[in-house]
Amino acid sequence: MTAVVDTFRSIVGADHVLADPDVCRGHETDWTGRFQGTATAVVRPGSTEEVGAVLARCTALGISVIAQGGNTGLVGGGVPRPGGRPCIVLSMLRFADLGAVDTQSMQVTAGAGVTLAAWRDHARRAGTDTPVDFAARDSATIGGAIATNAGGSRVLRYGTMRRQVAGIEAVLASGETVGSLAGLPKETAGLHWPSLLCGSEGTLAVVTRARLRLVPLFEQATTALVATRSITDAVALLALVRDSVTSLDAAEVVMPAAMEIIVGHLGRRCPVEAPSAGCFVMFDCTDRFDPTDQLTAALAADGARPLVVDAAVATDATQRSRLLDFRDRITEAIASAATSLGTPPFKLDVAAPLATLDDLIDTASRVADHDGARLIPFGHLAEGNLHLNFLGATDHVAIAAAVLGRVAELGGTISAEHGIGIAKAPWLHLIRTPADLAAQAAVRKALDPAGILNPGVLDPSPPDTSGTQEP
Ligand code: 2HG
Ligand code: ZN
């Protein structure tokens, strides 16, 4: 393999090929510690041409390529997997360039390795804002967010990453560059690369840059944490709030078990109380004018009042951020509890029709009880997107089979925003027909005949590996 590593050194420079196992380890293990494998090297290209040369070489040599951004993925799609052909991790972090903000088109061009936080800070400095935001913003990258069609808290207002990509530049397995960064708001000219690549999880091409949409920067904000008697009441309340609160930016759901863990982690009392069968909803509003009256009037209106058990409203920046911590930092709280237990959390990111969320949480609770695991549910209420975290779980396959099976029966999806990766590939048949999967495999084969791009990911056929830890 030394000769192969030397080839990559000749393309990207010796400093940008990491082959020391100790140095590579951080790129070979996902941040939860749940997925890991071994790469021949971590290759860090600095230009689209270098990506092209590396991919062409990998195709010729039959070396698999796992594109990686901030390595914040949760489904094993961004790290090597055990067994199979030799692979490299293609770290895109050197693609950290951000173009000038175009306030006329409300767009900016960003490299695949730009973090969500850097994108947001850059946009804000120019008096604009970014439509996608989530807790891993300091490490998660544009390339990864496109690959997984990431969502987060602002989806309710602006949609997922797919809707933000006005243009894309990507490199095929052959080494050829495709796409356009023109960002034309209107064009009908056949195949639309952003549509094809958003959500393709590094299996069709490697994204190098994207032309991204921006949204207005609203200086005024209000946050309310509301307790309801049930998730069904929370859904009813959300419908009323959406109807009258035009500034609504986020409606995040925190079930009592998630509130308990975050309260312990923050060491702060929750300012509102919910019954044990109830739930918490974090409403966040932003606007040009103070949205507080709009939100509080909506919560106090005749239809809404009986649904609200308790509420706390924060308007100044420090109070808001302290309130938002009760939602934003749940993943961190779960990671810390998992570290104490000595076993990574088992995470299922799912979505189901709003009317069925009660059923879904009931199913997940029963499944957790049966396993002896502790269920921590929270998520994005408007999309019916629940993050079902299981702490101390033993039988991951049984949990996934029962929960994902029920999700499919309810008309939902087995992945709302984290992707399929390798974790959920065996369950794809629950939500996709054989014809869907065959068409997807055919597109993949056409663009990547040697099958080098992220093998195993989004692939429901049994893996050629042994010892893969998950699902
Ligand atoms: C969030 O919404 C992220 O905070 C992470 O999607 C969810 O940790 C998780 O399960
Ligand atoms: Zn989420």
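Just so it is clear, the structure is predicted and the values come from calculations on it, not from any experiment.

## Regarding the site of ligand 1
What surrounds ligand 1 is the set Arg327, Thr331, Lys347, Phe378, His380, His387, Asn389, Glu417 and His418. In the environment of ligand 1, an oxygen atom lies 2.7 Å from a nitrogen or oxygen atom belonging to the side chain of threonine 331. Here ligand 1 loses 91% of its free accessible area of 300 Å² to cover by the protein chains. Sorting the residues of the shell around ligand 1 by element identifies strand S16 (374-380) and strand S17 (385-391) as the ones contributing at least two each. Of the residues belonging to the shell around ligand 1, the class tally is 1 nonpolar, 5 polar and 3 charged.

## Quick word on the coordination of the zinc ion (ligand 2)
Looking at the zinc ion (ligand 2), the protein donor atoms are His380 (NE2), His387 (NE2) and Glu417 (OE), and they sit 1.9 to 2.1 Å from it. Sequence positions of the donors to the zinc ion (ligand 2) reduce to the motif H-x6-H-x29-E. Placement of the pair is histidine 380 in strand S16 and glutamate 417 in the loop between helix H14 (396-409) and helix H15 (434-447), with a sequence separation of 37 residues. Residue histidine 380 is classed as buried on the basis of its relative accessible area of 5%.

## Things to note about the pattern of salt bridges
In this structure the tally under the stated criterion is 21 salt bridges. Residue aspartate 133 is joined to arginine 120 by a salt bridge in which the shortest nitrogen-to-oxygen separation is 3.5 Å. Taken together, the residues aspartate 133 in the loop between strand S6 (128-129) and helix H5 (142-147) and arginine 120 in helix H4 (residues 116-125) connect sequence positions 13 residues apart. No difference in accessibility class separates aspartate 133 from arginine 120, as the two residues are buried. Put simply, arginine 209 and glutamate 169 hold a salt bridge, and the shortest N to O gap is 3.2 Å. Of the two residues, arginine 209 is situated in strand S9 (residues 206-213) and glutamate 169 in strand S7 (residues 165-171); the sequence distance between them amounts to 40 residues. Salt bridges here are not isolated pairs; linked through shared partners, they connect Arg124, Asp129, Arg154, Arg157 and Asp249.

## With respect to the confidence of the model for the protein
Scored by pLDDT, the protein comes out at a mean of 96, with 98% of its residues at no less than 70. Of all the helices and strands in the protein, helix H1 (residues 2-12) carries the lowest mean pLDDT, 95, while strand S5 (residues 107-111) carries the highest, 99. In the predicted structure, residues 465-471 sits below a pLDDT of 50 and forms 22 contacts with residues beyond four places in sequence or in another chain.

## Some points on the domain arrangement of the protein
In terms of domains, the protein is made up of domain 1 (2-91), domain 2 (107-183 + 192-216), domain 3 (220-328) and domain 4 (340-420). Using only C-alpha atoms to locate each centre, domain 3 and domain 4 end up separated by 23 Å. Interface area, domain 3 with domain 4, both sides summed: about 1,400 Å², of which 71% is carbon and sulfur. Contact with domain 4 buries surface across domain 3, with Ile231, Val235 and Val253 losing the most and accounting together for 32% of the total. Applying the counting rule to domain 3 against domain 4 returns 0 salt bridges. At the surface where domain 3 touches domain 4, the tally comes to 4 residue pairs in polar contact (both at pLDDT 80 or more). For the side of domain 3 that touches domain 4, the secondary structure elements donating two or more residues are helix H8 (231-244), strand S12 (248-254) and helix H9 (256-266). A total of 6 residues in the side of domain 3 that touches domain 4 trace back to one element, the largest contributor, which is H8. In terms of residue class, the side of domain 3 that touches domain 4 is built from 12 nonpolar, 1 polar and 4 charged.

## Remarks on H15
Compared with an ideal rise of 1.5 Å per residue, which puts 14 residues at 20 Å, H15 spans 20 Å between its outermost C-alpha atoms and is within 8% of the ideal. Against helix H7 (193-197) lie the buried residues of H15.

## With respect to the sheet that holds S17
Sheet strands pair via backbone hydrogen bonds, and the direction of the pair is either parallel or antiparallel. Spatially, S14-S11-S13-S12-S16-S17-S15 is the arrangement adopted by the 7 strands of the open sheet, whose pairing is antiparallel. Each edge of the sheet is formed by a strand with only one pairing partner; in this case those strands are strand S14 (310-314) and strand S15 (346-351). The sheet shows a mean angle of 15° between the axes of neighbouring strands, taken without regard to direction. Both S12 and strand S13 (residues 279-287) contribute to a ladder of 6 bridges, which runs antiparallel. Of the residues in S13, the one forming a bridge with leucine 248 is cysteine 285.

## Things to note about the side chain of arginine 81
If you trace the backbone, arginine 81 turns up in the loop between strand S3 (64-68) and strand S4 (87-91). Engagement of the side chain of arginine 81 in a polar contact is seen with the backbone oxygen of glycine 76, the distance being 3.3 Å.

## Side note on the nonpolar core
The nonpolar side chains of a soluble globular protein tend to be buried with one another. By size, the foremost hydrophobic cluster in this structure holds 60 residues, and its most contacted members are Phe283, Leu348, Leu360, Leu381, Leu388, Phe390 and Val403. Excluding residues within four positions of it along the chain, leucine 348 makes contact with Leu386, His387, Leu388, Phe390, Ile399, Ala400, Val403, Leu404 and Lys424. Core analysis: the next-biggest nonpolar cluster, separate from the first, contains 30 residues, Ile146, Ile168, Leu204 and Ala205 among them.

## Side note on the side chain of glutamate 417
It is arginine 327 that comes nearest to the buried, bridge-free glutamate 417 among opposite-charge side chains, at 5.8 Å. Within polar-contact distance, the side chain of glutamate 417 engages the side chain of histidine 380 at 2.8 Å. The residues touching glutamate 417, leaving out its near neighbours within four places in the chain, are Thr148, Asn149, Ala150, Gly151, Gly152, Asp349, His380, Asn385 and His387.

Reading the values: the criteria
Residues numbered from 1 in each chain as written. Chains lettered and ligands numbered in written order. Predicted model: local features only at pLDDT ≥ 70, side-chain atom pairs only at ≥ 80, totals over all residues. Heavy atoms only, no water. Near = heavy atom within 4 Å. Polar contact = N/O pair within 3.5 Å; in protein donor to acceptor, adjacent residues only side chain to side chain. Areas by Shrake-Rupley, 256 points an atom, 1.4 Å probe, with all protein chains shown as cover. Helix = DSSP H or I, 4+ residues; strand = E, 2+ residues; numbered from the N terminus. Nonpolar A, V, L, I, M, F, W, Y, C, P; charged D, E, K, R; others polar. Donors = N, O, S within 2.8 Å, 3.2 Å for Na, K, Ca; no water. Buried < 20%, exposed > 50% of the residue type's maximum accessible area, 1.4 Å probe, protein only. Salt bridge = Lys/Arg side-chain N within 4 Å of Asp/Glu carboxyl O. pLDDT = per-residue confidence, 0-100. Contact = heavy atoms within 4.5 Å. Domains from an automatic or database assignment. Buried area = accessible area lost by both parts, 1.4 Å probe. Expected span 1.5 Å × (residues − 1). Pairing = 2+ DSSP bridges. Axes fitted to C-alpha atoms, helices over the stretch in contact; angles between N-to-C directions. Core = buried A, V, L, I, M, F, W, Y, C linked by side-chain atoms within 4.5 Å. Lys, Arg positive; Asp, Glu negative; His and termini not counted.

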